Amino acid sequence: MSRVIEGKPAQIRMAVTVLLAEGHLLIEDVPGVGKTVLAKALGRAIAGDVKRIQFTPDLLPSDVTGVSVFNQSSREFEFKRGGIFANIVLGDEINRASPKTQSAMLEAMAENQVSADGQTYKLPQPFMVIATQNPIEMEGTYPLPEAQRDRFMARITMGYPARQSEVAMLAAQAGGDQLSSVRPVTDAATVAAAIQAVRAVYVAPVINDYVVSVVEATRRHPDLRLGASPRASLHLMRASRVAAALAGRDYVIPEDVGSLAVEVLAHRVLPTVEAQVARRDASGIVSSVIASVPTPERG
């Protein structure tokens with residue numbers, strides 16, 4: 001993945017972390033910085049099924065989940081699966097679709113299944129939604145409500161590449177689209193087994209207490225009018241397990257929690273008007289929360 005996304009190792013690592021933690025990823029940034037490439041490269045690297053749904057104002061919920069169609073030959077209704085049936089689903093510019101269409105993804109994201117016409121259809125495993133939003137051109141868009149943003153385990157921004165990385169990208173692209181050069185390094189079954197293995201990573205009671213202390217601190221912070229939810233505690237714990245596993249440990253340490261807190265919590269909290277006027281953003285406030293919560297001592 002690093003060969004086609006120059007100079008973004010932290011973003012690539014977070015995408016892999018969210019995949020192994022059974023979560024979903026929200027990418028917010030300006031156009032042309034590699035949001036779509038990140039999703040496609042991840043899908044190619046795991047030899048998984050990748051589908052892209054371009055969200056537009058006229059997109060219907062059935063376009064996402066699927067629809068029952070009457071088969072003239074069999075005289076029965078057949079369910080035609082929508083774009084959500086894939087290992088990696090890229091929801092491009094999700095804020096351009098209506099709230100009704102946005103909410104069609106909620107059941108799939110929460111329960112890994114789709115319900116239609118009284119039937120329940122399981123989604124392939126592993127399953128991950130990578131949704132993108134552009135912070136510009138807000139005309140005709142429907143911003144994700146806070147309740148739906150809470151379904152995403154983490155939010156990242158790609159950011160503009162460093163000068164050297166952008167020069168290297170131009171040189172690499174001279175030979176054609178580099179995305180086609182990404183070769184699978186594993187398959188969906190192996191990733192599913194890795195997800196099961198991550199669940200065995202040990203989380204000590206003191207670490208669980210630390211996670212809850214961090215989340216509770218966001219609910220009491222004077223600069224926040226909405227703190228993080230209990231789902232945020234669960235997501236932060238799951239992501240910390242993956243961080244420990246990627247570091248070669250079978251147990252979680254406080255540094256795992258602290259390194260992921262901003263990406264996992266910042267999109268779930270709402271700064272007060274006074275904080276916004278003072279130009280204190282959610283990421284900075286969450287960073288201050290981490291600094292203020294005492295770190296558990298190692299026994």
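Provided above is the structure to which this section pertains.
Residues numbered from 1 in each chain as written. Predicted model: local features only at pLDDT ≥ 70, side-chain atom pairs only at ≥ 80, totals over all residues. Heavy atoms only, no water.

A. The arrangement of the environment of Ile 94 in detail. For Ile 94, the location among the structural elements is in the loop between strand E5 (88–92) and helix H4 (99–103). Apart from residues no more than four positions distant in its own chain, Ile 94 is found in contact with Phe 55, Gln 102, Met 105, Ala 131, Thr 132, Gln 133, Leu 144 and Gln 148. (Helix = DSSP H or I, 4+ residues; strand = E, 2+ residues; numbered from the N terminus. Contact = heavy atoms within 4.5 Å.)

B. Fine view of helix H13 (residues 282–292). For H13, the complete set of buried residues consists of Ala 282, Ile 285, Val 286, Val 289 and Ile 290. Relative to the axis of H13, the buried residues are bounded by an arc of 145° and lie together on one face. With respect to the buried face of H13, the exposed residues turned more than 90 degrees away are Ala 291 and Ser 292. Where the residues of H13 are buried, they touch helix H9 (205–220), strand E10 (224–226), helix H11 (254–265), strand E11 (270–271) and helix H12 (273–277). (Buried < 20%, exposed > 50% of the residue type's maximum accessible area, 1.4 Å probe, protein only. Arc of directions from axis to C-beta.)

C. Fine view of the pattern of salt bridges. According to the stated counting rule, one finds eleven salt bridges in the structure shown. In this structure, Asp 150 and Arg 268 form a salt bridge, with 2.8 Å as the shortest nitrogen-oxygen distance. Within this pair, whereas Asp 150 is found in the loop between helix H6 (146–149) and strand E9 (154–156), its partner Arg 268 is found in the loop between H11 and E11, the two being separated by 118 residues in sequence. Owing to a relative accessible area of 5%, Arg 268 belongs among the buried residues under this scheme. Residue Arg 249 pairs with Asp 256 through a salt bridge whose shortest N-O separation is 2.9 Å. Take Asp 256: its relative accessible area is 6%, and that puts it in the buried class. A network of salt bridges, in which partner residues are shared, links Glu 28, Arg 149 and Arg 155. (Salt bridge = Lys/Arg side-chain N within 4 Å of Asp/Glu carboxyl O.)

D. Summary view of the packing of aromatic side chains. One pass over the full model with this rule turns up three aromatic pairs. Between Phe 70 and Phe 77 the ring centres are 5.2 Å apart and the planes differ by 65°, which places this aromatic pair in the edge-to-face class. Taken together, the ring pairs in this structure connect Phe 79, Phe 85 and Tyr 121 into an aromatic cluster. Seen from the ring of Tyr 251, Arg 249 lies directly overhead, with NZ or CZ sitting 5.8 Å from the centre. (Phe/Tyr/Trp six-rings, centres within 6.5 Å; stacked < 30°, edge-to-face > 60°. Lys NZ or Arg CZ within 6 Å of the ring centre and 35° of its normal.)

E. Up close: the side chain of His 24. Note that His 24 resides in the loop between helix H1 (9–20) and strand E1 (25–28). Take His 24: its relative accessible area is 3%, and that puts it in the buried class. Non-local contacts of His 24, meaning those with residues more than four positions away in its chain, are made with Val 18, Met 109, Phe 127, Met 128, Val 129, Arg 151, Phe 152, Met 153 and Ala 154.

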